[in-house]
Amino acid sequence: MRASPLCFAGLLTATAAFAQSPDDARFRSIYKELVEINTTESAGDTLIAANAMAKRLLDAGFPAADVQVISTAPRKGNLVARLRGTGAKKPMLLTAHLDVVEAKREDWDFDPFVLQETDGYFRARGSIDDKAEASIFLSNLIRLHDEGAKPERDIILALTTDEELADSPHDGTRVLLEQHRDLIDAEFAINEGGGGTLREGKPISSNIQLSEKVYRSFRLEVKDPGGHSALPRRDNAITKLAEALVRVADYEFPARLNTVTGAYLQIVTRLDTPEVKAAFAALQAGDNRPDVIAPLSKKPGYNAQIRTTCVATMLEAGHAENAMAQTARAIVNCRLLPDENPANVERALNEAIHDPRVAVAPLGTVVDSPASPMSPEVLRAVEEISADIWPGVPVIPTQSGGYTDSRWLRKYGVPAYGVSGIFSEEGKSGVHGLNEQVGVKQLFDAKEFLYRLVSRLSVTQR
Ligand SMILES: [Zn+2]
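Residues numbered from 1 in each chain as written. Predicted model: local features only at pLDDT ≥ 70, side-chain atom pairs only at ≥ 80, totals over all residues.

(A) Fine view of the environment of Y412. Here Y412 shows up in the loop between helix 14 (406-411) and strand 17 (416-418). The spacing of Y412 and L210 is 202 residues in sequence and 15 Å in space, taken between C-alpha atoms. (Helix = DSSP H or I, 4+ residues; strand = E, 2+ residues; numbered from the N terminus.)

(B) Region of interest: the pairing of strand 16 (residues 395-400). In terms of burial, strand 16 is a largely internal element, 6 of the 6 residues being buried. Judged by which residues are buried, strand 16 turns out to be covered on both faces: V395, P397 and Q399 on one side and I396, T398 and S400 on the other are all buried. As paired elements, strand 9 (residues 202-212) and strand 16 share 6 bridges and run parallel to each other. Bridged to N207 within strand 16 is I396. (Buried ≥ 20, exposed ≤ 12 C-beta atoms within 10 Å, placed from the backbone. Pairing = 2+ DSSP bridges.)

(C) Seen up close, the sheet that holds strand 14 (residues 327-336). If you trace the 4 strands from one edge of the open sheet to the other, you get 12-14-10-15, paired in antiparallel fashion. Two strands in the sheet have a free side with no partner beyond their single neighbour: strand 12 (309-317) and strand 15 (358-363). Recorded for the sheet is a direction-independent mean angle of 25° between the axes of neighbouring strands. Bridge analysis of strand 10 (residues 214-223) against strand 14 gives 10 bridges, and the strand direction is antiparallel. Bridge pairing in strand 14 places S217 opposite N333. Against the sheet, helix 7 (residues 237-250) engages strand 10, strand 12, strand 14 and strand 15, with an angle of about 15° to strand 14. Strand contacts of helix 12 (residues 342-353): strand 10, strand 12, strand 14 and strand 15, with the helix running at about 160° to strand 15, the strand carrying the most contacts. (Axes fitted to C-alpha atoms, helices over the stretch in contact; angles between N-to-C directions. Contact = placed C-beta atoms within 7 Å.)

(D) Fine view of the nonpolar core. Core analysis: the biggest nonpolar cluster contains 89 residues, and L93, F137, L141, I156, L157 and L159 have the highest contact counts within it. Residue contributions to this core peak at 9 residues, all from helix 15 (residues 440-457). Three or more residues apiece are contributed to this core by two domains, here domain 1 (6-193 + 404-457) and domain 2 (214-363). When neighbours within four sequence positions are excluded, L141 is seen to be in contact with A81, L83, I155 and L157. (Core = buried A, V, L, I, M, F, W, Y, C linked by C-beta atoms within 7 Å. Domains from an automatic or database assignment.)

(E) Structural detail: the sheet that holds strand 4 (residues 116-118). Reading across from one edge, 4-5-19 is the order of the 3 strands in this open sheet, with antiparallel pairing throughout. Looking at strand neighbours, the two that pair on one side only are strand 4 and strand 19 (437-439), the edges of this open sheet. On average, each strand axis in the sheet is tilted by 25° relative to the strand beside it, whichever way the strands run. Bridge analysis of strand 4 against strand 5 (residues 121-123) gives 3 bridges, and the strand direction is antiparallel. From the neighbouring strand, T118 faces strand 5, where its bridge partner is Y121. Its contacts with the sheet put helix 15 on strand 4, strand 5 and strand 19, and the angle it makes with strand 19 is roughly 70°.

(F) Just the domain arrangement of the chain, in detail. Partitioning the chain into domains gives domain 1 (6-193 + 404-457) and domain 2 (214-363). Computed from C-alpha coordinates alone, the two centres of domain 1 and domain 2 are separated by 33 Å.

(G) Up close: the packing of helix 13 (residues 376-389) against helix 15. Relative orientation of the contacting elements helix 13 and helix 15 amounts to 145°, with a least axis distance of 10 Å. The handedness of the crossing between helix 13 and helix 15 comes out as right-handed. Two secondary-structure elements touch here, helix 13 through V378, A381, V382, I385 and I389 and helix 15 through D445, E448, F449, R452, L453, R456 and L457. Residues belonging to the contact of helix 13 with helix 15 are distributed by class as follows: 8 nonpolar, no polar and 4 charged. (Left-handed = near helix turned anticlockwise from the far one by under 90°. Nonpolar A, V, L, I, M, F, W, Y, C, P; charged D, E, K, R; others polar.)

(H) Quick peek at helix 4 (residues 131-146). The terminal C-alpha atoms of helix 4 lie 22 Å apart, and with 16 residues this matches the ideal 22 Å at 1.5 Å per residue to within 8%. Two residues or fewer past helix 4, G148 is found with a positive phi of approximately 70°. (Expected span 1.5 Å × (residues − 1).)

(I) Quick look at helix 2 (residues 22-35). Its 14 residues place the ends of helix 2 20 Å apart at the C-alpha level, agreeing with the 20 Å of an ideal helix rising 1.5 Å per residue. Taken residue by residue, helix 2 has F27, R28, I30, Y31, L34 and V35 as its buried positions. Down the axis of helix 2, the buried set is contained in an arc of 165°. They therefore lie on one face. In helix 2, the exposed positions angled more than 90 degrees off the buried face are occupied by P22 and A25. Structurally, helix 2 contributes buried residues whose contacts are with helix 3 (46-59), helix 4 and helix 15. (Arc of directions from axis to C-beta.)

(J) A look at the environment of Y121. Mapped onto the elements, Y121 comes out in strand 5. Each C-alpha atom, one on Y121 and one on S386, is 22 Å from the other, the two residues being 265 residues apart in sequence. Here Y121 is in contact with Q437, V438, G439 and V440, once residues within four sequence places are set aside.

Structure follows, in structure tokens:
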């Protein structure tokens, strides 16, 4: 069931910035409100965000029984809401996280918690990750409710906390799955992790995420007697640790392809340079010699697809300016290919560091999450709606270099599909980094895309 005629929808999205429909205005207001609620771990509060979004639904006329805020700790909240369907089909789950990565005002070009709209972009922390999709899901759910939609399945919305903290006991998706499964149980879930890629402003792929690399951090630690800095020794803790980190940086895990990454790179490298194409062809043929595949390895986006990666992310050492450190520590964060054995990664790090004074210890738990099975229903819907909005742009199955809460959904048997319709320029979104941004047109196109996708997958009649 197509939600609205194509030409009309195209006109709407093309002129969204100028003539604002009431629906667009509501979406903007939800998006601005959500982005401007600080939800960082250090100073923010996802409970405030969950309550604010719950109020939006209640004000729109959702029954209180279908809107629940679940808090599992101070400053931590999750919203679960339900638009009731006929029950002919098992529910579908729309999920997004409310928390955001830290953002320091002094590092950014503007206040990260005040939504900026300039040069055709929205800019703020969370402007993409993940308050874009959270706001779209919420706004579209209200739109469906206002339209008196009668879907064949319940549409469940879960806006959750602590996705950005690797090993939080309060991870909302995990808590909901383990303690409130009935509230969010679904045939499948739509989550972040997909989106689309722009190259020089032109859409080149619309992505559906089916699997993720596995997250694992290690602590590197060097102990030393220390001593007066006026009598230095070269083998002090900080220098030893620094040498170890350089060796980690220089170490490359062997490259290999799997079904998802093979299909993905096959399509995206078509538009790339002859050198990249040749490197991919070699890797496909089983040649993974570093010099042969260097053109792929040099691009962080490709590199993350073809191998397990590790990078130093945190440092801590020393107790006084005029003393040699007694302890030096670093965190090395690794992203494992889904079939990589974590014990092999630890062994490889130890071999690369090759220094018995550097202790390497794994941190946290590894969340095993299999790839979601490809659902022909979901894939066909994504392909057809994508073709309407972005004609000629291929839909590509992807494996994310980072993790999302889909790892928990997949672990607990809810197939999760990373689909957002949010297109952004490769390497320029600022997600997890500085000056996070999304194109205004791209955001409104994604809203329309997800509206049609959810309508179609829930077989909404009106
Ligand atoms: Zn995210």
